[in-house]
Amino acid sequence: MRILRLYLLREQIFPFLWGLVFFVFMFSLGNILKLAELFVKRTVGFSYLVKFFWYLSVGFLNFSIPLALFAATIIIFARLSADYEISAISSSGINLHSFLFPLLIIALFLSLFTFYLNNITFPTLQFSTRKMVNEIEIREPVNLIQEGTFIRDFKNTILFARRVKGKEVFDITIYKSNGEELSTIKAERGTIFSPREGRIALYLLDGFIQTYDSSHPQDYTNLRFKSYDFLLKKSSVSQESRVLYKKVREHTLKELLREKRNWQKKGIRNPEILAEIQKRASFSFAPFIFVLLGIPLGIMIKHAGKFLDFTIVFFTILLYYLLSIIGEVLCKKFLLPFTLWLPNIAFGGFGLFLLIKKVKR
């Protein structure tokens, strides 16, 4: 029995690790453009690039572990069933429950590890990542200027640049208000530079300044220029917005429970806090639930081939997350925390039913 158990775990570990790398990479893909924008185009240090990518990658482990475990379980048990190894184990008189017991224990251990990630590691990394972006913007205010975006971080000024290439900007429009006097500055191109920390200056080329009084908009002045220096000042509102406060998903479990008690003292059941606590607890059991479901599903699709394996994995995961979203909406709207456990109850119950049925055979 010991040899068979070790054989099962050895067969499981490599597909699981490959799946873990694959899902972490897939989840990280969406941030590659952000990394390029923040670090490559804006010439921020390589150490920030590595640190930022590390935070993002580790932060995706809580999603990747259950998915990788589910995919590995289906693939391995489909192969064992196709090679009639499951039938051979059963016919030799070995209890399948005992054979599967170590795998279920490991799945339970990974669920506890996911619980730790969901409630301590992931929230902390999310907040740290946001703080890193904030620190970069404060240290290098040039980073605030993004192409195709109306920038409102400067005092009495709205800036729009159609294209940004490094420190070069093209097709720039600046709207500036000073009491009743309104100015529109347009330039074909310009250069961004920082005379000192926290300040941005624009060296604009080939443009015009149109100024008028809001009380007499029909009267305006129009001045063309070959070059023009424009200093951007951070607004007081922008400075205040740089004081970061944790979002609900960035609170650790201890902080969430403290917030829950504070709201309860006011006689209020905060739906966001309740939903977040239950969602993390429910999703932490996903590795165990997916193994419970993956074992019988793998045995059932033994001759189907890898395409159907991945199709079943994809649609099962999709349905699980769809039920999770429905449960979260119901929890927030009707204050019913148990609705967030619906995916685990449905998938766990169905998996247990199929597993018992297969083992009896």
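Read on for an overview of the structure. As the structure is a prediction and not an experimental result, all values here were calculated from the model. (Residues numbered from 1 in each chain as written. Predicted model: local features only at pLDDT ≥ 70, side-chain atom pairs only at ≥ 80, totals over all residues. Heavy atoms only, no water.)

## Some remarks on the packing of aromatic side chains
Piece 1. Taken as a whole and judged by the stated rule, the model has 14 aromatic pairs.
Piece 2. Note on F63 and F283: the rings are 5.7 Å apart at their centroids and 50° apart in plane angle, and the pair reads as tilted. Of this pair, F63 sits in helix α4 (residues 61–82) while F283 is found in helix α9 (residues 271–284), placing the two residues 220 residues apart along the sequence.
Piece 3. Judged by its relative accessible area of 10%, F283 is buried.
Piece 4. Each ring, one from Y320 and one from Y321, has its centre 5.7 Å from the other, and the planes form 85°; the classification is edge-to-face.
Piece 5. The buried category is assigned to Y320, whose relative accessible area is 1%.
Piece 6. Given a relative accessible area of 23%, Y321 falls into the partly exposed group.
Piece 7. One aromatic cluster is present, formed by F27, F60, F63, F70, F122, F283, F290, Y320, Y321 and F347 through successive ring pairs. (Phe/Tyr/Trp six-rings, centres within 6.5 Å; stacked < 30°, edge-to-face > 60°. Helix = DSSP H or I, 4+ residues; strand = E, 2+ residues; numbered from the N terminus. Buried < 20%, exposed > 50% of the residue type's maximum accessible area, 1.4 Å probe, protein only.)

## Notes on a positive patch on the surface
Piece 1. Taken together, the side chains of K254, R258, R261 and K265 present a region of like positive charge at the surface.
Piece 2. Relative to the helices and strands, R261 resides in helix α8 (residues 253–265). (Patch = residues over 30% accessible without salt bridge, like charges linked within 9 Å, V, L, I, M, F, W, Y side chains within 5 Å. Areas by Shrake-Rupley, 256 points an atom, 1.4 Å probe, with all protein chains shown as cover. Salt bridge = Lys/Arg side-chain N within 4 Å of Asp/Glu carboxyl O. Lys, Arg positive; Asp, Glu negative; His and termini not counted. Charge placed at Lys NZ, Arg CZ, Asp CG, Glu CD.)

## What to know about the pattern of salt bridges
Piece 1. Applying the stated criterion to the full structure yields ten salt bridges.
Piece 2. R79 is the salt-bridge partner of E11, the closest N and O atoms lying 2.9 Å from each other. Placement of the pair is E11 in helix α1 (residues 2–29) and R79 in helix α4, with a sequence separation of 68 residues.
Piece 3. Take E11: its relative accessible area is 22%, and that puts it in the partly exposed class.
Piece 4. Exposure remark for R79: the relative accessible area of 29% places this residue in the partly exposed category.
Piece 5. Taking the shortest distance from any N to any O, the salt bridge between K246 and E255 comes out at 3.1 Å.
Piece 6. K246 sits in the partly exposed class, given a relative accessible area of 31%.
Piece 7. Residue classification places E255 among the buried positions, given a relative accessible area of 18%.

## Some words on the environment of Q278
Piece 1. For Q278, the location among the structural elements is in helix α9.
Piece 2. In the structure, Q278 is positioned 63 residues away from W341 in sequence and 7.8 Å away in space, judged by C-alpha atoms.
Piece 3. When neighbours within four sequence positions are excluded, Q278 is seen to be in contact with P337, L340 and W341. (Contact = heavy atoms within 4.5 Å.)

## Focus: the nonpolar core
Piece 1. Counting residues in each nonpolar core, the largest one holds 44 residues, and the members touching the most others are L8, F16, F70, F77 and I295.
Piece 2. Going through the elements one at a time, α1, α4, α5 (85–91), α6 (96–139), α10 (286–300), α11 (306–334) and α12 (342–360) are the ones with two or more residues in this core.
Piece 3. The element that contributes the greatest number of residues to this core is α4, accounting for twelve residues.
Piece 4. In this structure F16 touches I65, A68, L69, A72 and L110, once residues within four positions along its chain are discounted. (Core = buried A, V, L, I, M, F, W, Y, C linked by side-chain atoms within 4.5 Å.)

## Observations concerning the pairing of strand β3 (residues 168–178)
Piece 1. When strand β2 (residues 157–165) meets β3, the two strands line up antiparallel, connected through eight bridges. For T157, the partnering residue across the bridge sits in β3 and is K176.
Piece 2. Following β2, the chain reverses through two residues before pairing antiparallel with β3; G166 in that reversal takes a positive phi of roughly 65°.
Piece 3. The pairing of β3 with strand β4 (residues 181–193) spans ten bridges and is classified as antiparallel. Among the inter-strand pairings, K176 is bridged to a residue of β4, identified as S183.
Piece 4. The turn joining β3 and β4, which pair antiparallel and follow one another in sequence, is formed by two residues; a positive phi near 70° is taken by G179. (Pairing = 2+ DSSP bridges.)

## Digging into the pairing of strand β1 (residues 150–154)
Piece 1. Taken together, the three bridges between β1 and β2 define a ladder with antiparallel strand orientation. Bridge pairing links I151 to L159 in β2.
Piece 2. Here β1 folds back onto β2 in antiparallel fashion, the turn holding two residues, of which N156 has a positive phi close to 55°.

## A word on a nonpolar patch on the surface
Piece 1. On the surface, I13, F14, L17 and W18 cluster together to form a nonpolar patch covering roughly 470 Å² of accessible area.
Piece 2. Residue L17 is classed as partly exposed on the basis of its relative accessible area, which comes to 39%.

## Some words on α8
Piece 1. Taking 1.5 Å per residue as the helical rise, α8 with its 13 residues ought to reach 18 Å, and the 18 Å between its terminal C-alpha atoms agrees with that figure.
Piece 2. Backbone geometry just downstream of α8 places G267 in the positive-phi region, at approximately 75°. (Expected span 1.5 Å × (residues − 1).)

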